[in-house]
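# Commentary on secondary and tertiary structure
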Amino acid sequence: MPGKILVTGGTGFIGSHTCVVLLENDYDVLIVDNLSNSNVEVVDKIAQITGKTPHFTKLDLCDEKSLTDFFTDNPGIDGVIHFAAYKAVGESSEFPLKYYHNNLLGMINLLKTMDQAGCDKMVFSSSCTVYGQPDVLPVTEDAPLKKAFSPYGNTKKICEDILQDQVGSTALKGIALRYFNPIGAHESALIGELPLGIPNNLVPYLTQTAIGKRESLKVFGNDYNTHDGTGIRDYIHVMDLARAHLDAINRLISKKYKEEYEIFNLGTGTGYSVLDIILTFEKVNGVKVNYEFVDRRPGDIEKVWADPSKANSELGWKAESGLEDMLRSAWKWEKSLLK
Ligand code: UDP
């Protein structure tokens, strides 16, 4: 079954791990990335891990002409896994147009050029942010979508709609994967999350604090209605997430989909609080983390975790790694950056 897969944003965090899994499963992988938030050296690391070198093209999806040329120069692409997008929630509120421009135009250009090239399968990288604070937990794919808290979240919601509409009017088949909180790194510690500047997300901030790059981890709020007052999320190992992309593209290529547009939650089904994360990290890695409680972060929700049963039964996918494994690999990755 394997064929040729275009991975947009393939040098980024989730993209790079997905490229590894695709190559290990005999897909030919073509990466396009504008390197706005990643490094081209990741291509070599992917090759080191897998023994196969993905084809890399530096390309911005907003540049329609280059994208059209890319599809002309690379005929026979069987499917696209679309990661390339800006993803900083806070920055998106500061510069909404930057986010709407990049994330929406990238999606539109990609779907347009795919259509021209006769490429009719897309797996889209979406987010549980589309649910906002759900009324019922765990959250299923049928939960009503809430108004997005940030322009970033809104671009995910709008891109899902664009994909669904395009599926409705062309031969395209699409799968949107709604990720919960991806953390961890490949066990080799050759690839991982590389936040530019001060990290926004909990685990990179935590590992940078543990290693001494940051003075103190700020825990945003300890007065939530949770077991210890801190916010709860469903953390998922990035390698588990990467495997789900393989399952999703396999489903499209083998025509096993039940509907031409499908949505899957990707989470473990278990929620952990910020303090659970800190204490587990300290325990499994034998290091202390300096942390302090501060006010809630504007726009944060109290708690969310997935009902992943649709992905379990339909995709035949299940998250395998536990929290300890995730936090061990995150620490190994942070330490590898010192070398
Ligand atoms: N968080 C925190 N300190 C940080 C970053 C995050 O306490 O420096 C908390 C945040 O309030 C949330 C959880 O950690 O409860 C996960 O936040 P993250 O930004 O990683 O992901 P989100 O779920 O907000 O997309």
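Parameters and conventions
- Position labels on residues start from 1 in each chain and follow its written sequence.
- Per-residue local features of the predicted model are confined to residues with pLDDT of at least 70, and side-chain atom pairs are confined, for both listing and counting, to 80 or more; whole-chain, interface and lining totals are unaffected and use all residues.
- Side-chain numbers here rest on the full set of heavy atoms in the structure, without hydrogens or water.
- For the purposes of this entry, the term helix denotes a DSSP run of H or I that reaches at least four residues, the term strand denotes a run of E that reaches at least two, and both are numbered from the N terminus.
- One less than the number of residues in a helix, times 1.5 Å, gives the span that helix is expected to have.
- Relative accessibility thresholds used throughout: buried, under 20% of the residue-type maximum; exposed, over 50%; partly exposed, between the two (1.4 Å probe, protein chains only).
- In what follows, a contact means two residues having at least one pair of non-hydrogen atoms within 4.5 Å.
- Whether two strands pair depends on DSSP finding at least two bridges between them.
- For every element, the axis is a line fit to its C-alpha atoms; helices are fit only across the contacting stretch, and the angle between N-to-C directions ranges from 0 to 180 degrees.
- The near set for a molecule or strand comprises every residue that places at least one heavy atom within 4 Å of it.
- The definition of a polar contact used here is a pair of N or O atoms within 3.5 Å, where within protein one atom must be able to donate a hydrogen and the other to accept one, and adjacent residues in sequence count solely through side-chain atom pairs.
- Methods summary: accessible areas were calculated by the Shrake-Rupley approach with a probe of 1.4 Å, and residue burial reflects only the protein chains presented.
- As used in this record, nonpolar core signifies buried Ala, Val, Leu, Ile, Met, Phe, Trp, Tyr and Cys residues forming a set joined through side-chain atoms within 4.5 Å.

### Quick word on helix 6 (residues 151-169)
Taking 1.5 Å of rise per residue, 19 residues should cover 27 Å, and helix 6 covers 27 Å from first to last C-alpha, within 8% of that figure. Among the residues of helix 6, those classed as buried are Pro151, Tyr152, Gly153, Thr155, Lys156, Cys159, Glu160, Leu163, Gln166 and Val167. Lining the buried residues of helix 6 we find helix 4 (89-94), helix 5 (96-117), strand 5 (121-127), strand 6 (173-179) and strand 11 (261-266).

### Describing the pairing of strand 3 (residues 55-58)
Looking at chain direction, strand 2 (residues 28-33) and strand 3 are connected through 4 bridges and run parallel. The residue of strand 3 that forms the bridge with aspartate 33 is lysine 58.

### Notes on the sheet that holds strand 4 (residues 79-82)
On the basis of which strands lie adjacent, the open sheet formed by 7 strands has the order 3-2-1-4-5-6-11 and parallel pairing. Two strands bound the open sheet, and with one partner strand each, they are strand 3 and strand 11. The mean inter-strand angle of the sheet, taken between neighbouring strand axes irrespective of direction, is 20 degrees.

### Looking at the site of the ligand
The local shell around the ligand holds 14 residues, among which Leu202, Lys218, Arg233, Arg297 and Asp300 are the closest. At 2.8 Å, a side-chain N or O of arginine 297 approaches an oxygen atom of the ligand. Contact with the protein chains hides 87% of the accessible area of the ligand, taken as 510 Å² for the molecule alone.

### Some thoughts on the nonpolar core
Formed by 40 residues in total, the largest nonpolar core has its most connected members in Leu22 and Ile249. Those elements that place two or more of their residues in this core are strand 1 (4-8), helix 1 (13-24), strand 2, helix 2 (41-50), strand 6, helix 8 (238-253), strand 11 and helix 10 (309-315). Element by element, the count of residues in this core is highest for helix 8, at 10 residues. Setting aside residues no more than four positions away along its own chain, isoleucine 249 makes contact with Ile5, Leu22, Tyr27, Gly79, Val80, Ile81 and Val123. The next biggest cluster of nonpolar side chains, apart from the first, holds 25 residues, and it includes Leu6, Leu61, Cys119 and Phe124.

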